[in-house]
Structures are given as C-alpha cells and as structure tokens.
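Fold and geometry: a report
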Amino acid sequence: MKTRHFGWRVVAAAALLATSAAQADEAGIQYKVSGFGTLAATAIDKSDLQLRTSLNQSRGADSTIDLGTDSRFGLQGVVTFGQGWSLTGQLLSIRRRVDSDLDSNRDFDIGVEWLFAQYAVTSGLDLRLGRVVLPAFMISDSRNVGYSQPWLRAPLEVYGRMPLTTMDGIQANWRISAGAAIIGFQAGYGKGHTNISSGATVIDTPSDWVSSLSAQVEWSDWLLRVGQVRSALPFSSPLLAGLGVTTPIEYTMRDTFTNLGLQYDNGQAIVLAEWASRKQNDMPMTQPALSGLGLFAYQAGLAGKPLAKEKMWYVGAGWRFGKLLPMVAHGSFKSDAATSQNDWTSTSISLRYDVANNVALKAQIGRHEAKDSSSFVTADPTDPRSVTSLAVGVDFVF
Amino acid sequence: MRAKFIRTACVAAGLSLGAVTAWAQVAVVMGASAAPLTKDQVANLYLGRSFDLKPLDLPEASPLREQFYKKATDRDLSQVKATWSRIVFSGKGQPPKELPDAAAVKKAVAADPKAVGYIDKGSVDGSVKVVLTLD
C-alpha cells in the first residue's frame, strides 16, 4: 500500500492557497494501489456433483483438485483529489460465467467490481456515485479479501445465497461517535445485475431497482448490524423462456432480504453470527386456461405463493493461539417455497496461520448436508447429498 | 573464535534490547492543547472504527509499533493488518500514515491539532502532550 505523489501535486496544492498549511498537505492529488488475493485448491469426496461458491457459477469443485472455486484476486486503486473528493476502482478476478451459456465459466475472469466517485461531506459522511458494494451482509464489502477473513470460505448457507454483490447507483455512509460507541448508517439506491444458474437454466436477472439500508453499532469488541436489501426484478420473457414459458407476461418480483449480524472479537476470541431472511411477493393467482407466467405458476404450484421464502443463519467461533486461529462454523439454510422444501446445512473447521504480516495460510474441511441442489451443480437436483469438502490456500494483501 | 564471540555479543545485546523495549511505556501524544483520550478512543482510531482524528504510525520494523497495538488494542500486527484490509478494500479509509521515527511523530502532532501519534515515553518533550500512557 504505497502512496505515490504526482509531480503536479505541488501545483494543485498551490492552487489551494486558501487552505491552511496542514490542509494543503492533503489537498494534492495522490493515488494508492493495493491488492489482495487468495489462491486455494478445493476438492470434495464426490465425483458426480460439484460444490460451488456462488449462484452465478455453473461449475464447482469435484473430486479432482480445483483452483477456481475459492481463488480470486483483486486490485484496487484510489485517487484522492483533495477537498474530500476521491475515485475508487476495484478489479476482481474470479470464476464467473461470462455469458448466458451454461458452460461459459471462466476462471480468474476480470471484472470491474467497483468504480465510484466519493465526496466526503464531513469526516463522518461520505456520498458515493457509481458501482458500489451492495452491503447485504455484515462482511459483504470484504468477503473477497481472504486475508481479512478468519476462515477460508464464509458459510455458503448465508453468503452463497445472495447473487447480487454490487449495484450501480448512489450510496451514503454516515458514521458518528456516541461515547465509546460508533454508530454507522448506510443507504443506497440503484440498479443491479447478475446471472443465476439453476440446473440446466441460466436466469438473467437485471433489476428495475435495488435499494439498501443498514445500521450498525461498534462498541469496543462488539459489532451489531442490521440491514435490508430490496430489489424489484421484472420477470421478463427472456428470463421465463429458460423456464419454458414463451408468452410475454408482466410480473415484477419484489425481493426483500433482511440481515442481522453480530461480531465479537477481543483479539483472542472471535465469534461471528448472522441471520437472514428472504421474502417475496406472491406470484399471480390464475387459472390453467391462461398462458404465460400465470400458466407456469399454476403448473408449478406457485400460484398465489412467493417464488422463494428463505431463512438462513450461521454461527462461527474461534480462539487464537498466537499466530494460529482454529475456527468452527455451522450454517443452515431453509427454504419453504411453493416448489420444494429445501434444507442445507454445513459444519466446517478451519485453521488460519499468519505466516507474515500480509500472508496467511488456511485450511478448511467441511461437511455439507443438502436436500437443495442450488449450492451444488449436479445432474439430479432432487437427490439429497452429503458431501465432505477440503480446501487449502494462501491469502495475501499488498 | 572471534566471530563466535561477536555473534554471542550481538545475540546478548539483542536480547537485552528486546527486554528493555518489552517494558517500555508507550505514550500516546497530541498537540499541546489536546484533551486526554481513553484507551477505547485510541483503539477505535487505530482499528479504523473512528475517523475523528488522524492517527500516525511508526514503521512495521519498529518494535514500539507491535507493543503499542498489543497494549492499546490487544491485537498483534497481523490482526491489525487484517482489520485494515477490511477497511481499505471496502473503500472506507486508509491505514494510519507511517512516519519514520519519534521525532517525525512529535513534529507532526505539534503541527496538526487533529494528529495523534505514539512514542516511547522517554522521547516525550515539551513539544507534545501525553493524552494516554500505556504500560
């Protein structure tokens, strides 16, 4: 994380003679480049299905060693213009599907994760415009930065269920001190876009709009956070064509994702827990004589019911022994949508070893019990499975 | 023989230096008009929870840095780095500015009423005010 000064920083500073000498030091244009990465090998004990880490992947780890499941690299640049203005960009290289073709997964595909201009109105209030993180979870904004995480892979029961990670729009962050506590608020509004792979289908889901609200309190070693992300997804014809419905229909799914997070870290003991729920409006109530989405909903038994209704949580706890951090985590995902009753739980044990001040080695073994196919890529999505996963990797930041 | 003696002497000197620094008191310092800070306030600043003041750091190689973080935040440097990487890569802020030594820290806090630094208690002089002492 090196700071480089442009030669004309002096010129810029000179243009701001009205500011005090101390402020002028900040007023020049500076840029910082920093990076992060995780290189991890992952395998599971089954060869006829694959464990994936995101709903937008249609390839995961099977019984051969896979480097794409848990690996990713990021590069971030921040340009500070002074007077509270800055520009932040982050490139993320990760496995993702690059088009609607189911087999178009590419490892280490580079995408623009964030690109936003920020204006600090005061030292506690920031406004952002551009592509920003969609803070659905407690650790959304640093989930990809393995080095900042205690484990190798955050529990998929919660973190694997939200395919939207960024939005294009505006966002405000406000922080105030209240005695020993720090209170933060975040609000954002914009558009989001992602692809979801489900079985042999790719669902392209551009949103009409996405909004996010969250509040958090940090007090000494505690952090408590509550947040909500709402989105409106129009069920367009191309989306439904993948599900076999070709007649144009009009239906907008309203998705509400609520998250509650608690973190305790006193330097020795660490506890992380999150709970989340997803609610959606009901599908249209209709008769079988109708066509389009109405027919589809009726056939699937969805008429008058939401497409998804989910509850998920995890609890993780660890204890530091010097540079070693063993951690145990348990997660659960339950869906009682009209189409199926899906359950998914996992228990994992991870070990982090800090080899240097910017490098950590990690290993994680997990036992996944699933009735739900959506976290696996599998030929038979109805088949309940028990899978053991193993991953080893190295995290770094610079 | 001579080489071995030098090596032993160096190790002994290193050990005694380590012993001395292990017991050093760390003084958190600000400009002359500053009010005292609590340990929680200092921890909040140096762990990126609060951005009310401008924290200053010593180089990673400085033994005082490790002691300061242990005493003020109960965290070792790897944990502090992990905490800051969360903040940096969420675009929320940048880690404390690093200065080369105590003299530079004193000069910086004397010049800016919002700047906070930490130095060895023995390096404190009239140019700065001790806002918190960490034993």
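1. Observations concerning the overall build of chain B
Of regular secondary structure, chain B possesses five helices and five strands. Each helix and strand of chain B, placed in order from N terminus to C terminus, yields the pattern α-β-α-β-α-α-β-α-β-β. The buried share among the 135 residues of chain B stands at 46%.

2. Some details on the environment of Ala43 of chain B
All names here are of chain B. For Ala43, the position within the fold is in helix H2 (residues 39–46). C-alpha of Ala43 to C-alpha of Thr73: the two residues are 30 residues apart in sequence and 5.2 Å apart in space. Discounting chain neighbours no more than four positions away, the residues touching Ala43 are Ala72 and Thr73.

3. Regarding the pattern of salt bridges
One pass over the structure, following the stated rule, counts 25 salt bridges over all chains. Asp343 of chain A is the salt-bridge partner of Lys334 of chain A, the closest N and O atoms lying 3.8 Å from each other. On the basis of relative accessibility, which here comes to 45%, the residue Lys334 of chain A falls in the partly exposed class. Across the pair Asp112 of chain B and Lys54 of chain B runs a salt bridge whose closest N-O atoms are separated by 2.7 Å. Placement of Asp112 of chain B in the loop between helix H5 (102–111) and strand E4 (115–120) and of Lys54 of chain B in strand E2 (residues 54–57) is noted, with a sequence separation of 58 residues between them. What makes Asp112 of chain B buried here is its relative accessible area of 14%. Assessed through its relative accessible area of 30%, Lys54 of chain B is described here as partly exposed.

4. Things to note about the interface of chain B and chain A
With 27 residues of chain B at the contact, the number on the chain A side is 42 residues. For the pair chain B and chain A, the summed buried area comes to about 2900 Å², and 45% of that belongs to carbon and sulfur atoms. Interface area lost by chain B to chain A is led by Arg49, Arg86 and Phe89 of chain B, which between them contribute 28%. One can count two salt bridges joining chain B with chain A. On the surface where chain B and chain A come into contact, there are 13 residue pairs in polar contact (both at pLDDT 80 or more). Among the elements of the structure, H2 and helix H4 (77–88) of chain B are those that each provide at least two residues to the side of chain B that touches chain A. Among the elements that take part in the side of chain B that touches chain A, H4 of chain B stands out by supplying eight residues, more than any other. Here the residues of the side of chain B that touches chain A are counted per class, giving six nonpolar, nine polar and 12 charged.

5. Observations regarding the confidence of the model for chain B
Residue and element names in this part refer to chain B. Here chain B shows a mean pLDDT of 85. Residues at 70 or above account for 83%. Segment residues 10–21: pLDDT under 50, and two contacts once partners within four positions in sequence are set aside and those in other chains are kept. As a predicted assembly, this complex carries a pTM of 0.82 together with an ipTM value of 0.79.

6. So, the sheet that holds E2 of chain B
Residue and element names in this part refer to chain B. An order of E3-E2-E4-E1-E5 is seen for the five strands of this open sheet, with the pairing classed as mixed. Here the strands that pair on one side only, and so sit at the sheet edges, are strand E3 (97–98) and strand E5 (129–134). Inspection of the sheet shows E2 paired to E3 by two bridges, in the parallel sense. Note on E3: the bridge partner recorded for Asp57 is Glu98.

7. Some remarks on unusual backbone geometry
Located in the positive-phi region is Phe108 of chain A, a residue other than glycine, with phi close to 55 degrees. Checked against the element boundaries, Phe108 of chain A lands in strand E6 (residues 105–120). Backbone geometry at Asp74 of chain B places phi at a positive 60 degrees, although glycine is not the residue there. On the secondary structure map, Asp74 of chain B appears in the loop between helix H3 (63–73) and H4. On the basis of relative accessible area, Asp74 of chain B is assigned to the partly exposed category, the value being 40%.

8. A short note on the pairing of strand E17 (residues 324–336) of chain A
Sheet analysis places strand E16 (residues 310–319) of chain A next to E17 of chain A, joined by nine bridges and oriented antiparallel. Across the sheet, residue Glu310 of chain A finds its bridge partner in E17 of chain A, namely Ser335 of chain A.

9. Quick word on the packing of H2 of chain B against H3 of chain B
Residues and elements named next belong to chain B. Remark: H2 packs on H3, axes separated minimally by 9 Å, with the N-to-C direction vectors making an angle of 125 degrees. In this view, H2 runs oblique relative to H3, as classed from their interaxial angle. When the axes of H2 and H3 are compared, the crossing they make is left-handed. Residue-level inspection shows Lys39, Val42, Ala43 and Tyr46 of H2 in contact with H3, the latter providing Phe68, Tyr69, Lys71, Ala72 and Thr73.

10. What to know about H3 of chain B
The periodicity of an α-helix, 3.6 residues per turn, causes residues three or four positions apart to be oriented the same way. Residue and element names in this part refer to chain B. Burial runs high along H3: eight of the 11 residues are buried. Of the residues making up H3, those classed as buried are Leu64, Arg65, Gln67, Phe68, Tyr69, Lys71, Ala72 and Thr73. Once H3 ends, the next one or two residues include Asp74, with phi positive near 60 degrees.

11. Description of the nonpolar core
Ranked by size, the top nonpolar core spans 37 residues in total, and within it Trp151, Tyr159, Met162 and Phe257 of chain A carry the most contacts. Of all elements in the fold, only strand E3 (49–51), E6, strand E7 (125–133), helix H3 (156–159), strand E13 (222–234), strand E15 (269–280), E16 and E17 of chain A reach the threshold of two or more residues within this core. With four residues, the top contributor of residues to this core is E17 of chain A. Apart from the residues within four sequence positions on either side, Tyr159 of chain A is in contact with Phe137, Met138, Ile139, Ser140, Arg143, Ala154, Glu274 and Tyr314 of chain A. If you look at the next biggest cluster of nonpolar residues, it comprises 33 residues, including Val42, Leu45, Leu56 and Val131 of chain B.

Reading the values: the criteria
- Residues numbered from 1 in each chain as written.
- Chains lettered and ligands numbered in written order.
- Predicted model: local features only at pLDDT ≥ 70, side-chain atom pairs only at ≥ 80, totals over all residues.
- Heavy atoms only, no water.
- Helix = DSSP H or I, 4+ residues; strand = E, 2+ residues; numbered from the N terminus.
- Buried < 20%, exposed > 50% of the residue type's maximum accessible area, 1.4 Å probe, protein only.
- Contact = heavy atoms within 4.5 Å.
- Salt bridge = Lys/Arg side-chain N within 4 Å of Asp/Glu carboxyl O.
- Buried area = accessible area lost by both parts, 1.4 Å probe.
- Polar contact = N/O pair within 3.5 Å; in protein donor to acceptor, adjacent residues only side chain to side chain.
- Nonpolar A, V, L, I, M, F, W, Y, C, P; charged D, E, K, R; others polar.
- pLDDT = per-residue confidence, 0-100.
- Pairing = 2+ DSSP bridges.
- Axes fitted to C-alpha atoms, helices over the stretch in contact; angles between N-to-C directions.
- Parallel < 35°, antiparallel > 145°, perpendicular 65-115°, else oblique.
- Left-handed = near helix turned anticlockwise from the far one by under 90°.
- Core = buried A, V, L, I, M, F, W, Y, C linked by side-chain atoms within 4.5 Å.

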